[in-house]
Amino acid sequence: MASRIKTPLPQIAPDHGARHVAIIMDGNGRWAKKRLLPRIAGHRAGVDAVRRIARVARELGLECLTLYAFSSENWKRPAEEVSDLMGLLRHFIQADLEEFHANGVRLQVIGDYRVLEPSLVDLIEGAMTRTAGNDGPTIAIALNYGAQDELVRMAQTLARQVQAGEISADAIGRAQVEAALDTASLPPLDLLIRTSGELRLSNFMLWQAAYAELYFTDTLWPDFDGEALARALAAFKQRDRRFGGL
Ligand code: FPP
C-alpha cells in the first residue's frame, strides 16, 4: 500500500464527509479493445487499478470502499472469461493479503460467495478472518453479488426468524432489514461511482443507494487512480445532501 507506491493526490481535505464509497468498476473490456489486447488484459489492468485505489483509501479518509468485482449476472459471460476473473481474484487475495493486513485493512466480501469453488471460498474466508481485527479501512469486494439476490436472501433470513418465533412480523423495520443485508457490518453508503460512461446501477446496492450521491465518469476502470477518486470526493463535498428534508 502506501509503503510500496506513493501516488501524489490532489489536495482534498479529509472533511469531505464520505465514510463509504462504492465503485462499479466498468470499462476493462473497452480499455483492452482500444489497445488491441484480449479482454483478460483489461481485467488484469483492472486489478492494478484496484490495488492503486485500495492503497489510497486511508489517505483519502475513507472508512470503507466497496468494489463490484463480479455480479450475479456475470455468469452469462463466456466460461473462459469467468474462469479468468476467478483466477485473477484468487491471485489478488493470495498476493495482496499480507500487504493489506500489514496496513490495517479489513477485507470483507459481500454477495453469495459461498457457491464459488470450495478452495476459493476457503481463501476468501481465511482472508476475512485474518483481517477481521484490523482497524480499517474496510475493502469490501462484491462477488457473485446482485442487489435483487441480496434482497431475496434478506427476505428469506427474516422469514426464517419469524418462522422460528425469534421475531414477530410486525417487529420488522428498516433496522432489521439492514441487519439481514450483506452490508450489515459496513457504514451507510455515501457515494456510488461508476466508471466508463454507463449511466445505470446494474443491480448494485439498490437498498444502500437510496440516499447515496451518484458520480459517473467516462474514465475506464483501468485508468482510474487516486487522483480520479479524489476528484469524485471533491465533487461529493459540493453536494447538498438533504435526505428528503429541506
Ligand atoms: C467490467 O468491465 C468489469 C468487470 C465485470 C469485472 C471487474 C473486475 C476487476 C476489476 C478485476 C477483478 C477484481 C478484483 C477485486 C481482483 P467490462 O468487462 O464489462 O468492460 P466493458 O464494458 O468495457 O466490456
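Each remark here, short or long, concerns the structure printed above.
Heads up: these notes are all about the structure in this document. Keep in mind it's a predicted model, so treat the numbers as computed, not measured.

## A word on the pairing of strand β2 (residues 64–71)
- Among the eight residues that make up β2, seven are buried, leaving the element largely enclosed by the rest of the structure.
- Bridging between strand β1 (residues 20–24) and β2 involves five bridges; their strand directions are parallel. In the sheet register, I24 faces β2, and the bridge partner there is Y68.
- With seven bridges joining them, β2 and strand β4 (residues 138–145) adopt parallel strand pairing. In the strand pairing of β4, L67 is matched with I141.

## Details of the environment of L60
- With respect to the helices and strands, the residue L60 is situated in the loop between α2 (39–56) and β2.
- C-alpha separation for the pair L60 and S72, spaced 12 residues apart in sequence, amounts to 30 Å.

## Considerations on the site of the ligand
- Close to the ligand lie 17 residues, the nearest being M25, G29, R30, R39 and R77.
- At 3.2 Å, a backbone N or O of N28 approaches an oxygen atom of the ligand.
- A distance of 3.0 Å is found between an oxygen atom of the ligand and a backbone nitrogen or oxygen belonging to G29.
- Elements represented by at least two residues in the shell around the ligand include exactly α1 (28–34), α2 and α3 (79–102).
- Counting residues per element, the shell around the ligand draws most heavily on α2, at four residues.
- Of the residues assigned to the shell around the ligand, the class counts are seven nonpolar, six polar and four charged.

## Section: the pattern of salt bridges
- Inspection of every chain in the model, using the stated rule, returns 21 salt bridges.
- We note a salt bridge from R51 to D96, for which the minimum N-O separation is 2.7 Å. Placement of the pair is R51 in helix α2 and D96 in helix α3, with a sequence separation of 45 residues.
- With its nearest N and O atoms 3.8 Å apart, the salt bridge here joins E213 to R241. Placement of the pair is E213 in strand β6 (residues 213–216) and R241 in the segment after α7 (226–238), with a sequence separation of 28 residues.
- Given the relative accessible area of 23%, R241 is considered partly exposed.
- Connected through shared salt-bridge partners, D26, R30, R194, E198 and R200 make up one network.

## Regarding the nonpolar core
- If you look at the biggest cluster of nonpolar residues, it comprises 50 residues, and the most contacted ones within it are V21, I23, I139 and L229.
- The leading source of residues in this core is α3, at nine residues.
- With residues near it in sequence (within four places) discarded, V21 still touches L62, C64, L65, T66, L189, L191, I193, L229 and L233.
- Residues I110, A140, A142 and L186 belong to the second largest nonpolar core, which totals 16 residues.

## Topic: the pairing of strand β5 (residues 191–194)
- The alternating pattern of β5 places L191 and I193 and L192 and R194 on opposite faces, both of which are buried.
- Alignment of β1 against β5, held across four bridges, turns out to be parallel. Its bridge partner lying in β5, I24 is registered against R194.

## Some words on the packing of aromatic side chains
- Summed over the entire model, instances satisfying the criterion amount to seven aromatic pairs.
- When the centroid spacing of 5.7 Å and the interplanar angle of 50° are considered together, the rings of Y211 and F243 count as tilted. Separated by 32 residues along the polypeptide, Y211 in the loop between β5 and β6 and F243 in the segment after α7 bring together distant segments of the chain.
- Look at Y211 and you get partly exposed, because its relative accessible area is 47%.

## Here we look at a nonpolar patch on the surface
- On the surface, a nonpolar cluster with roughly 280 Å² of combined accessible area is contributed by L199, L214 and F216.
- Tracing the backbone through its elements, the reader meets F216 in strand β6.
- For F216, a relative accessible area of 34% gives the class partly exposed.

Definitions and cut-offs
Residues numbered from 1 in each chain as written. Predicted model: local features only at pLDDT ≥ 70, side-chain atom pairs only at ≥ 80, totals over all residues. Heavy atoms only, no water. Buried < 20%, exposed > 50% of the residue type's maximum accessible area, 1.4 Å probe, protein only. Helix = DSSP H or I, 4+ residues; strand = E, 2+ residues; numbered from the N terminus. Pairing = 2+ DSSP bridges. Near = heavy atom within 4 Å. Polar contact = N/O pair within 3.5 Å; in protein donor to acceptor, adjacent residues only side chain to side chain. Nonpolar A, V, L, I, M, F, W, Y, C, P; charged D, E, K, R; others polar. Salt bridge = Lys/Arg side-chain N within 4 Å of Asp/Glu carboxyl O. Core = buried A, V, L, I, M, F, W, Y, C linked by side-chain atoms within 4.5 Å. Contact = heavy atoms within 4.5 Å. Phe/Tyr/Trp six-rings, centres within 6.5 Å; stacked < 30°, edge-to-face > 60°. Patch = residues over 30% accessible without salt bridge, like charges linked within 9 Å, V, L, I, M, F, W, Y side chains within 5 Å. Areas by Shrake-Rupley, 256 points an atom, 1.4 Å probe, with all protein chains shown as cover.

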